[in-house]
Amino acid sequence: MSELHKNLINGEWVGADGTENINPSNLSDVVGVYARATVEETKTAIAAAKAAFPAWSRSGILERHAILRKTADEILARKQELGELLSREEGKTLPEGIGEVTRAGQIFDFFAGEVLRLSGEVLPSVRPGVGVEITREPLGVIGIITPWNFPIAIPSWKIAPALAYGNTVVIKPADLVPGSTWAIVDILVRAGLPKGVLNLVMGKGSVVGQTMLDSKDVNAISFTGSVGTGKRVAAASIEHNRKFQLEMGGKNPTIVLDDADLKVAVETVAQSAFFSTGQRCTAASRVIVTEGIHDAFVEALAERTRNLRVGDALDKNTEIGPVVDPSQLKQDTDYIEIGKGEGAKLVAGGERVKAATEGYFLQPTLFTEATNSMRIAREEIFGPVAAVIKVKDYEEALATSNDTEFGLSAGIVTTSLKYATHFKRNSEAGMVMVNVPTAGVDFHVPFGGRKGSSYGPREQGRYASEFFTIVKTAYTAAG
């Protein structure tokens, strides 16, 4: 049995029982054994965060800056090691894993700087002799619940601003991928974070997550995950009058117009739909193509899809790693059968892949002759499955792309400044991409969607302050 990686509660590593973290590329590879918190341990973690808040919220900005900067430096120095850990537990290819770790380091570096850039406003009052100060203050205890598909970047872009603005944290990572979050927490502790400021409670959502939702001492919750769970987070938060932030599903479109560069269009869509095994909320699973370029595009994309190399995430020749677990694999293959049954034409992929090791490998799957009313075009699959929808012109393409309950990311491939400009203005998505993949965003700018994809202030960048702080207005008479 591997060494038990324990939970962090009030500055102490605690835990007795754990579960194995299995590599989806190689089911005989145990990444590690990670503790599962109980209800009582979770309550203790929340109490510790509450007790630590007064001192941390009033701590000096140089202290907070130094801790976040040390964390960033260590993450970047260990990006190869941490990238391998991430790829082993989640299934991203090693270059993708290293890239995600690098992004995590950049996020902590950015928010280390934000600590030194905390600002407000000083305004004159309408009353003579009275001044007005507008400042932002931390909220208190932040509950963080993260998904399995970005096991180091998403915890980082929630933990870093929460700490930078003076909040304390209780974090529950996804049960499938605790290792990357454990590593980040360990680095923060060794960087000098005071006890109780950050608490890690790994385990089942029904135990740990529910305890967080039920606690009146959790002042805000930042959640990324499924639509169904997001709705439960919202309902529980309203009951306690707490602030909440939700990032949920997507059914993202990429439009390919007749004037597009064919090579750019094929690579943009392949990257958007299939890389990271399609397990990205920003992945483009609806490919909306105008009729003039449709046949040539489909032929070229089908060839690209069939030639994508699927295998062990750590193999340097692998382009597409495994699906994360058997449950997700079944969901993907069920949707492939649904697509066939709805009348879409399977032109590439769709079958399990045998590799040197036992794992959850699936060849990326491309459907054509789909319509926007099909389930494979309406529901989030969260796997390497894409459907091509043929349309007459740009106007029909725009209407089709907006015809969804989601609104996270949307893309267009075109050489027309007119259409690119119009799409940026009229796409009903929180993020719009022109001639670049829908999945791929910078660490210093806001992330988030519209409609059923997101609720609350944006994540990342300076916009993170809108969620992790509260505004105070103070009046002072001169005397």
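First, a word on scope: everything that follows refers to the structure included in this document. (Residues numbered from 1 in each chain as written. Predicted model: local features only at pLDDT ≥ 70, side-chain atom pairs only at ≥ 80, totals over all residues. Heavy atoms only, no water.)

**As for the layout of surface pockets**
In this model, the largest pocket occupies a volume close to 970 Å³. For the lining of the largest pocket, the secondary-structure elements that each account for two or more residues are α7 (205–214), β11 (220–224), α8 (227–239) and α11 (326–342). Of the pockets and cavities examined, the second largest pocket occupies roughly 520 Å³. As for the second largest pocket, its lining consists of 22 residues, of which Leu118, Ser119, Thr135, Arg136 and Thr469 are closest to the centre. Tallying contributions element by element places strand β7 (residues 130–138) first for the lining of the second largest pocket, with five residues. (1 Å grid on protein atoms, 1.4 Å probe; cavity = no way out; pocket = protein on both sides within 12 Å on 5 of 7 lines; lining within 4 Å. Points joined across faces, edges and corners; volume = space filled by probe spheres on them. Helix = DSSP H or I, 4+ residues; strand = E, 2+ residues; numbered from the N terminus.)

**What about helix α5 (residues 153–164)?**
Given a rise of 1.5 Å per residue, 12 residues ought to cover 16 Å, and the 16 Å separating the end C-alpha atoms of α5 matches this to within 8%. For α5, the tally of buried residues reaches 12 of 12 residues, placing the bulk of the element in the interior. Regarding α5, the residues found buried are Ala153, Ile154, Pro155, Ser156, Trp157, Lys158, Ile159, Ala160, Pro161, Ala162, Leu163 and Ala164. Note on α5: the residue one or two positions beyond its end, glycine 166, has a positive phi of about 95 degrees. (Expected span 1.5 Å × (residues − 1). Buried < 20%, exposed > 50% of the residue type's maximum accessible area, 1.4 Å probe, protein only.)

**Quick look at α8**
The end-to-end C-alpha distance of α8, which contains 13 residues, comes to 19 Å, matching closely the 18 Å that a straight helix rising 1.5 Å per residue would cover. Those residues of α8 that sit buried are Gly230, Val233, Ala234, Ala236 and Ser237. Among the structural elements, α7, β11 and β12 (243–247) are those in contact with the buried residues of α8. Once α8 ends, the next one or two residues include asparagine 241, with phi positive near 55 degrees. (Contact = heavy atoms within 4.5 Å.)

**So, the packing of aromatic side chains**
Applying the stated criterion across every chain, the model contains eight aromatic pairs. On the numbers, 6.4 Å between centres and 80 degrees between planes, the contact of phenylalanine 111 with tyrosine 165 is edge-to-face. Placement of phenylalanine 111 in helix α4 (residues 94–115) and of tyrosine 165 in the loop between α5 and β9 (168–172) is noted, with a sequence separation of 54 residues between them. For phenylalanine 111, a relative accessible area of 1% corresponds to the buried category. Among the aromatic side chains, those forming a connected cluster through ring pairs are Phe110, Phe111 and Tyr165. (Phe/Tyr/Trp six-rings, centres within 6.5 Å; stacked < 30°, edge-to-face > 60°.)

**Comments concerning empty space enclosed by the protein**
One simple way to see leftover space: roll a probe sized like a water molecule over the atoms. Counted according to the given criterion, the structure contains two cavities of 30 Å³ or more. Of the volumes computed, that of the largest cavity is approximately 100 Å³. Residue lining of the largest cavity: 15 residues in total, with Gly278, Arg280, Ala283, Ser285 and Phe382 positioned closest to the centre. When its residues are assigned to classes, the lining of the largest cavity shows seven nonpolar, five polar and three charged. Within this model, the second largest cavity holds a volume of roughly 80 Å³. Pro253, Ser401, Thr404, Phe406 and Gly407 are, among the 16 residues lining the second largest cavity, the residues nearest its centre. (Nonpolar A, V, L, I, M, F, W, Y, C, P; charged D, E, K, R; others polar.)

**Observations regarding the pattern of salt bridges**
Within this structure, the stated rule accounts for 25 salt bridges. The salt bridge involving lysine 158 is made with glutamate 459; its shortest N-O contact spans 2.7 Å. Here glutamate 459 lies in the loop between β22 (454–455) and α15 (465–468) and lysine 158 lies in helix α5, a separation of 301 residues in the sequence. What makes lysine 158 buried here is its relative accessible area of 0%. (Salt bridge = Lys/Arg side-chain N within 4 Å of Asp/Glu carboxyl O.)

**Thoughts on the sheet that holds strand β23 (residues 469–477)**
The strand order across the open sheet formed by three strands is β6-β7-β23, and the pairing between neighbours is antiparallel. In the strand order of this sheet, the two ends are held by β6 (121–124) and β23, each with one partner. In this sheet, neighbouring strand axes are inclined to one another by 25 degrees on average, regardless of whether the strands run parallel or antiparallel. One ladder, built from four bridges, connects β6 with β7; its direction is antiparallel. Its bridge partner lying in β7, glutamate 121 is registered against isoleucine 134. (Pairing = 2+ DSSP bridges. Axes fitted to C-alpha atoms, helices over the stretch in contact; angles between N-to-C directions.)

**Comments concerning the sheet that holds strand β15 (residues 345–348)**
What the seven strands build is an open sheet, ordered β15-β16-β17-β14-β13-β19-β20; its pairing is mixed. Either end of the sheet is taken by a strand with one partner, and the two such strands are β15 and β20 (431–434). The sheet shows a mean angle of 25 degrees between the axes of neighbouring strands, taken without regard to direction. Across five bridges, the pairing between strand β14 (residues 284–290) and strand β17 (residues 385–391) is parallel. Pairing of threonine 290 across the sheet is with valine 391, part of β17. Helix-sheet contacts for α11 involve β15, β16 (365–370) and β17, and the interaxial angle to β16 is about 25 degrees. With respect to the sheet, helix α13 (residues 394–402) is in contact with β13 (252–256), β14, β17 and β19 (409–413), its orientation differing from that of β14 by roughly 160 degrees.

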